[in-house]
Amino acid sequence: MRSVLADEKTVKPEGSHGHQRLGHQRLGHQRLGHQRLHQAFRAALAIAGFALAFFLLQRLTFLLRFPPYERTTFWVPGALTFSILLIAPLKNWWWYYVGLCLAGYAAYYGDQQIPASIALLSAQFHFLAVAAGVFFIRRFAAGIPFATVGSMLAFVLAAVFIVPFATSVPADLIRLYQGNPHVWPTAIRSFLSIALGMLIATPALTTLLVQFRNGWQSTNRTKVLEALALSAALLVISFWVFTKPAEGNAPSLIYAPMPFLLWAALRFEVSGASWALLVIAYLSTWNAINGRGPFSAETPDEHVLQLQVFLLAVSLPLLLVAAGAGERRRAYSRLLEEMQERRRTEERFRLVVESTPNAMLMINRSGEIVLANQQTERLFGYRQEELLGQPFERIFPERLRPEPAKSLREFFAAPALRGIGNEEELCGLRKNGSEFPLEIGLTPIESPGGLLAFAVVTDNTEKRRAEEARRELVHASRLAVLSEFTASIAHEINQPLGAILSNADAAELLLENASPPLDEVRRILADIRSDDLRASEVIRKLRGLLRRGEVERQPLDLNGVVRDVSIILRAEAHRRGVEIILKLSANPCIVWGDRVHLQQVLLNLIVNGFEAMAETRGDRRVTLSTELSGGEVIVRVSDSGAGIPAERLPKLFDRFFSTKREGMGMGLAISRSLVEEHGGRIWAESPSGSGAHFCFALPLEPPAAETQSDLLNSVESLR
Amino acid sequence: MTETIPVVHVIDDDDSVRKAVTRLLKAAGYEAQDYANAGDFLLAAPTAASGCLVLDVRMPGPSGLELQAALKRQGNCLPIIFLSGHGDIPMSVQAIKAGAVDFLTKPVQRQALLAAVSHALEINRATSAERARSEFLQSCYQALTEREREIFRMVVQGRLNKQIASALGIAERTVKAHRAQVMEKMQVTTLADLVRVAGELGLEAA
C-alpha cells in the first residue's frame, strides 16, 4: 500500500512537489535516457505497489467470507481500483491495468476452485467496469470527486449500479456457462458485495490517496483530537453493539452507532463518514461471521443479505449527508473569503480615499452624497455626518447650482469620466458661506447599490491666483511695450484730428463767401468723416490691447490680427524709418485663440525687430507673413537687421534673457508662454545675411461643423 | 524785381493733413501748393523765392529739419513754418535757431496757422525787398570804374577832395569830376545818402 502511495506521489501528472524536485535534480544533465529510465522506474513501482495493495486487500477480504460462499459481504479491493483510476491521469492507467492482472492472478493462485484463466478474465471485466464508472463520474461531475452532493450522486450511481453490474454479471455468466448450480443465489449477494465495497471504501481510499499525493497538509490540532475521540467512541460503541450475543439483543441496538456516524459525516465529511462506515462494516461483518452481534441468528444466506441491506441503508444517506456537509462548508468558507476580500478591498479603497490630498465624494443617482472623505470635511468645513444623505448641490453657491445638477444628470445618462460645469467659473460653497474656486471630475463607479458618481474635487484657489498673477504680468508687459510708443500712437491719432480741424476751418472760411463752393465743402465733409473713422479705428485697436480682460478664445483669422497690429505700429514704424511689408496668405488662416494675446505676441516680435534695426544703416524693413503649412498657420516676423548669433537663438525665449540694454527680457518669454497656451510653438531663425526671423505656428482650426456653429454663435452674439 | 504772387508750399507726408492744410490756406486766400515729401518740393520749385514753407518735421526721406538745412545752404531764404505732430521742445529749439519762423503743433489752430503764414510772407516780402535793393546797389556799384570805386571808398571815409587828390596824385578838379560821376551812378544826391549806400554795400573802412 505504502509503496503504491509513495509512488503516487511521483506519478502525479503535473507539478507535484516530488516531481518538481526530481525534475530539478535532473535538470543539470537532462538526458532523454535518464528520463526514460525514471519513467520506467516509476511505472514499475506503481505496478508493483498497486498489485501488492490489491492482493493484500483481496486476502483481507477473503477473511470476511461467509462460508460456504466464495463471495464476501463487501468487496474492498475494487474500491482501490476505483480510487486510483479516479485520480490517476488516463495515460497512466495501463500501469494499474497491469498491476490488476498480476494481483488478480496472484490472489487466486493455488485456489483450486477458480482456474487462473477465470481469475484473469474477471480482472479484465473488473478493470473495464471500474473504467466505465470513472468515465461516468468524470462525465457528470467534473472536479474533485465527492466534493458536492451532485458528484456524490454520480459516484453512488457508478458505485452501486454500473461497476457492480459490469463486474459481476460477466463473472456470473461464466459460472453459469461452467454449469455452477449456485449462480443465482450468489449473484444478488455478490452484486451487493461489490456495490457495498465500492460505496463504503472508495471515498476513504480516494481521500487518503489525494492527501498522500498532495502531501499531508497541516491539520488543526483540535481536529486531530476530535478525530481520535470520535474513533475511540465509534470503536467502543461498535464493539458493544456488534459483539453482544444475538439472543436477547434488541434489534434497535444496531442504530446505536448512528449518532457517531452522523458526527463523522457532519464534522469530517466524506472521508470521515467513509472511514466510520468501514469500521462499522468490518466490525459487524467480522462479528457476524463469528456468530456474534445482531446479524448472527439466521442462516448465513440471511446474514449476508441483512448485513448488506443494513450497511447500504446506512451508507447511502450518510455519504450524501457528508457530501452535503462538505459542500456547504466549502461554500460557506468561499463566501467568508469573498466577504473578507471585499472588506479588504473596501478598506483599501477607504484608505486611498482618505489619504489622497483631494476631496472626494460619492454621489448616487438621485444626487445625494453617500461618501465624503476627510479632505472634503476640511475643504468645505462640514462634518461627514452633515454631508451624507444631502443633495450634492449644497457644496455649490446658490447661483451656480443648476450647472452641476445638469452635469450630474448628463453623467448618469452616459456614465464616463467628465468634469462639472464651467471650469473657469465653478466655485464651491463652504459651510461658513465663503466661496472658493474648484474643479470637479466625475468618474463612474459600479457599486452593489447601483452606479455612483465618484467626484474628485480640486481646490483651485492657488491655481486661480497664479493664473490671475500671470494675467497681470501679461497685461503689464503689454502695457510696457505699448508705452514705448505712446508718442507714435498719439501721433497716429493726432494726424487725423489735425486734418479734421483744418478741414473744418477751411469749410468755415469757404462758407463765409457770398457764393460758397458747396461741392468743395461736401468733399471736405467726406474727408472729415474718413479721418474721424481713421482715428477711432486706431483707438479701438488700442483699447483692445490696453484692456485687461478675460481670455476670450474664438476662431479668428491671423491675417486680420497681423493687419490690426500693423495699423497700431504704423506710426512707430514711420518714426523709426522702418517699412512694414505684409505678405499674407491668400487663404484665411483661422486659428482658435485670444485676439489680444496673439496681437501682443506679434507686437513683441515686431518691436523686437524694430529694436534690432536701430543701428541698421541700409533699408529697414519688417516683413510680416502668414502661411498655411501642414495643418498649421506659420507667422513670420522678419527684420533686415544684423541677425542673431546662432548661440543665442535657443535662449532667446528664456525669461530675463535680453540683448537690449534696457530690456527686461520678458517680452519674448511672455510671447512664448502665450503661444504655447494656444497649443503652438515659437522659434527664431537667423540665416546669415538676412536678418532675424521670429516665427510662431498655431494649429489650424479645422472647419468642422462644431466650429462653424461656434462661429455662427459668435456672429449671433455680436448682433 | 517784378511783383510775384507769394506761394505757400505745404510739405507733409500725411495725405489728409496735407490736403486739409492746403485747403485751409486756399480758403484763406493764399496761393498754396502741396508736396508729399521734400524731394517733390525740390524738383517742382527749386528757385521759388516768393512765399513760405509749411513743413512737417517728421517725414520719410529727408526730414523737415534736413530740408531746412539744405535750403539754407543753397541760399534760399524762404521762411519756414514747422508743423509737428507733438510739441517736441529740443526739435523746435533747433528749428528756430536755424531760422524757422514758427513751430506749430498739430492739430493746428486756424488763427495760429494763418498768423504764422502771414508773418512769414511779411518776412519774405521784407527780405525780398531788401534783396532787390542790394542787388540794385550792387549793379550800380559794378558800373563804377576802378578809379571811381577808389574815390567812392575815400569819400565815404570822410576824406576831403584835396586830401584825395594829394593821396592819388591827381588834380583836385579831376577828383570832383569822378565824385560827381559816382554820385550819379549810385543814384544819390547827398553825401549822407552815399555813405548809407556804402554801408548797405558793406564798404566799410576797408
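*Asks:* For the overall build of chain A, give the residues involved together with the corresponding values.
*Replies:* Looking only at helices and strands, chain A has 21 helices and 13 strands in total. Once local pairs closer than 6 in sequence are excluded, the contacts in chain A between residues at least 24 apart make up 69%. Summed over its atoms, the accessible surface of chain A is roughly 36,600 Å², and 59% of this surface lies on carbon and sulfur atoms.

*Asks:* Describe in detail the overall build of chain B, supporting the description with residues and values.
*Replies:* Helix and strand counts for chain B stand at nine helices and five strands. Going residue by residue from the N terminus, the α and β elements of chain B occur as β-α-β-α-β-α-β-α-β-α-α-α-α-α. For chain B, with 206 residues in total, the buried portion stands at 43%. A fraction of 61% describes how many contacts in chain B between residues 6 or more apart in sequence connect residues 24 or more apart. About 10,600 Å² of surface is accessible on chain B, with carbon and sulfur atoms providing 55% of the total.

*Asks:* Provide a residue-level description of the nonpolar core, including the pertinent values.
*Replies:* Nonpolar side chains tend toward joint burial in soluble globular proteins. Residues and elements named next belong to chain A. Residues F82, Y96, M152, F155, L199, F310 and L311 are the most contacted members of the largest nonpolar core, which totals 81 residues. Element by element, the count of residues in this core is highest for helix α10 (residues 258–289), at 13 residues. Lining this core are residues from two domains, each supplying at least three of them: domain 1 (1–217) and domain 2 (219–334). Ignoring sequence-local partners within four residues, the contact set of F82 consists of V130, G133, V134, I137, F155, A158, A159, V163, M198 and T202. I493, V538, V578 and L674 belong to the second largest nonpolar core, which has 50 residues in total.

*Asks:* Tell me what's going on with the interface of chain B and chain A, and back it up with residues and numbers.
*Replies:* Contacts between the two partners involve 23 residues from chain B, matched on the other side by 23 residues from chain A. Surface buried jointly by chain B and chain A totals about 1,900 Å² across both partners, of which 53% is contributed by carbon and sulfur atoms. The three residues of chain B that bury the most area against chain A are R23, R58 and R110 of chain B, which together make up 33% of that side's buried surface. Between the two partners, chain B and chain A, sit six salt bridges. Here E508 of chain A makes a salt bridge to R110 of chain B, at a shortest N to O gap of 2.4 Å. No other element matches helix α1 (residues 15–27) of chain B, which puts eight residues into the side of chain B that touches chain A.

*Asks:* Which residues make up α10 of chain A, and what values go with them?
*Replies:* Residues and elements named next belong to chain A. Helix length check: α10, at 32 residues, gives a terminal C-alpha distance of 22 Å against a target of 46 Å (1.5 Å per residue), a shortfall beyond 12%. At F268, α10 shows its maximal kink, close to 150°. Just beyond α10, the residue with positive phi is G291, at close to 75°.

*Asks:* Would you mind going over the packing of helix α16 (residues 486–511) of chain A against helix α18 (residues 558–575) of chain A in detail, with residue names and values included?
*Replies:* All names here are of chain A. Contact geometry of α16 with α18 gives a least axis separation of 8 Å together with a crossing angle of 110°. One finds that α16 runs roughly perpendicular with respect to α18. Pair α16 / α18 crosses with right-handed handedness. In this structure, α16 contributes S488, I489, H491 and E492 to the contact, and α18 contributes I568, R570, A571, E572 and R575.

*Asks:* I'd like to hear about the pairing of strand β6 (residues 450–459) of chain A, residue by residue, with values.
*Replies:* All names here are of chain A. As paired elements, strand β1 (residues 359–363) and β6 share five bridges and run antiparallel to each other. In the sheet register, M360 faces β6, and the bridge partner there is V456. Hairpin geometry of strand β5 (residues 435–447) and β6 is characterised by an intervening segment of two residues between the two adjacent antiparallel strands.

*Asks:* Go over the side chain of D14 of chain B with me, naming the residues and quoting the values.
*Replies:* Secondary-structure assignment places D14 of chain B in the loop between β1 (7–11) and α1. The buried category is assigned to D14 of chain B, whose relative accessible area is 9%. At 3.1 Å, the side chain of D14 of chain B forms a polar contact with the side chain of Q495 of chain A. The residues contacting D14 of chain B, other than those within four sequence positions of it, are Q495 and R534 of chain A.

*Asks:* Describe the sheet that holds β1 of chain B, naming the residues involved and giving the relevant values.
*Replies:* Residues and elements named next belong to chain B. In space, the five strands of this open sheet follow the order β2-β1-β3-β4-β5, with parallel pairing throughout. The sheet is open, and its two borders are formed by β2 (31–35) and β5 (102–105), each paired with just one other strand. On average, each strand axis in the sheet is inclined to that of its neighbour by 20°, with strand direction left out of account. Here strand β3 (residues 51–56) pairs with strand β4 (residues 80–84) via four bridges, running parallel.

*Asks:* Can you lay out the sheet that holds strand β11 (residues 632–639) of chain A for me, pointing to particular residues and giving the numbers?
*Replies:* Residues and elements named next belong to chain A. Here five strands make up an open sheet; going across it, the order is β8-β10-β11-β13-β12 and the pairing mixed. Both outer strands of the open sheet, β8 (579–583) and β12 (681–685), are each paired with one neighbouring strand and no more. Recorded for the sheet is a direction-independent mean angle of 15° between the axes of neighbouring strands. Both strand β10 (residues 621–629) and β11 contribute to a ladder of eight bridges, which runs antiparallel. Counterpart to T626 in the pairing with β11 is V635.

*Asks:* I'd like a description of the pattern of salt bridges, backed by residues and values.
*Replies:* Residue and element names in this part refer to chain B. For the structure on display, the rule yields 40 salt bridges over all chains. We note a salt bridge from E150 to R147, for which the minimum N-O separation is 3.8 Å. Taken together, the residues span about one helical turn, with E150 and R147 both in helix α6 (residues 146–156) at a distance of three residues. Its relative accessible area of 32% is what places R147 among the partly exposed residues.

*Asks:* Kindly report on the environment of M154 of chain B, identifying the contributing residues and their values.
*Replies:* Residue and element names in this part refer to chain B. Its location among the elements puts M154 in helix α6. The class for M154 is buried, based on a relative accessible area of 11%. Sequence-wise, M154 and A167 are 13 residues apart; in three dimensions their C-alpha atoms are separated by 9.8 Å. In this structure M154 touches R159, I164, A167 and L168, once residues within four positions along its chain are discounted.

*Asks:* Talk me through the packing of aromatic side chains; I want residue IDs and the actual numbers.
*Replies:* All names here are of chain A. Throughout the structure, instances matching the rule amount to 19 aromatic pairs over all chains. Each residue in the set F50, F54, W75, W94, W95 and Y96 is aromatic and connected to the rest through ring pairs, giving one cluster. Here the guanidinium or amino end of K223 rests over the ring plane of F268, the centre of that ring lying 5.0 Å away.

*Asks:* How would you sum up the environment of I590 of chain A? Please name residues and give values.
*Replies:* Residues and elements named next belong to chain A. If you trace the backbone, I590 turns up in strand β9 (residues 590–594). Note: C-alpha distance between I590 and P699 (109 residues apart in sequence) is 8.9 Å. Among residues more than four places away in sequence, those in contact with I590 are P555, L556, D557, L700 and E701.

*Asks:* Help me get a handle on unusual backbone geometry, residues and values and all.
*Replies:* The omega torsion of the bond from K106 of chain B to P107 of chain B falls at -5°, within 30 degrees of zero and hence cis. With respect to the element layout, P107 of chain B can be found in the loop between β5 and α5 (110–143). Positioned with a positive phi, E269 of chain A is a non-glycine residue whose angle comes to about 55°. Counting through the fold element by element, E269 of chain A comes out in helix α10.

*Asks:* Which residues make up the packing of helix α3 (residues 32–62) of chain A against helix α4 (residues 77–87) of chain A, and what are the values?
*Replies:* Residues and elements named next belong to chain A. Here α3 crosses α4 at 150°, and the two axes come no closer than 8 Å. Compared by their axis directions, α3 and α4 come out roughly antiparallel. The residues of α4 that touch α3, namely those facing F50, A53, F54, L57, Q58 and T61, are P77, G78, L80, T81 and I84. Looking at the contact of α3 with α4, its residues break down into seven nonpolar, four polar and no charged.

What counts and what doesn't
- Residues numbered from 1 in each chain as written.
- Chains lettered and ligands numbered in written order.
- Predicted model: local features only at pLDDT ≥ 70, side-chain atom pairs only at ≥ 80, totals over all residues.
- Heavy atoms only, no water.
- Helix = DSSP H or I, 4+ residues; strand = E, 2+ residues; numbered from the N terminus.
- Contact = heavy atoms within 4.5 Å.
- Areas by Shrake-Rupley, 256 points an atom, 1.4 Å probe, with all protein chains shown as cover.
- Buried < 20%, exposed > 50% of the residue type's maximum accessible area, 1.4 Å probe, protein only.
- Core = buried A, V, L, I, M, F, W, Y, C linked by side-chain atoms within 4.5 Å.
- Domains from an automatic or database assignment.
- Buried area = accessible area lost by both parts, 1.4 Å probe.
- Salt bridge = Lys/Arg side-chain N within 4 Å of Asp/Glu carboxyl O.
- Expected span 1.5 Å × (residues − 1).
- Bend = angle between axes of the 7 residues up to and from the residue.
- Axes fitted to C-alpha atoms, helices over the stretch in contact; angles between N-to-C directions.
- Parallel < 35°, antiparallel > 145°, perpendicular 65-115°, else oblique.
- Left-handed = near helix turned anticlockwise from the far one by under 90°.
- Pairing = 2+ DSSP bridges.
- Polar contact = N/O pair within 3.5 Å; in protein donor to acceptor, adjacent residues only side chain to side chain.
- Phe/Tyr/Trp six-rings, centres within 6.5 Å; stacked < 30°, edge-to-face > 60°.
- Lys NZ or Arg CZ within 6 Å of the ring centre and 35° of its normal.
- Nonpolar A, V, L, I, M, F, W, Y, C, P; charged D, E, K, R; others polar.

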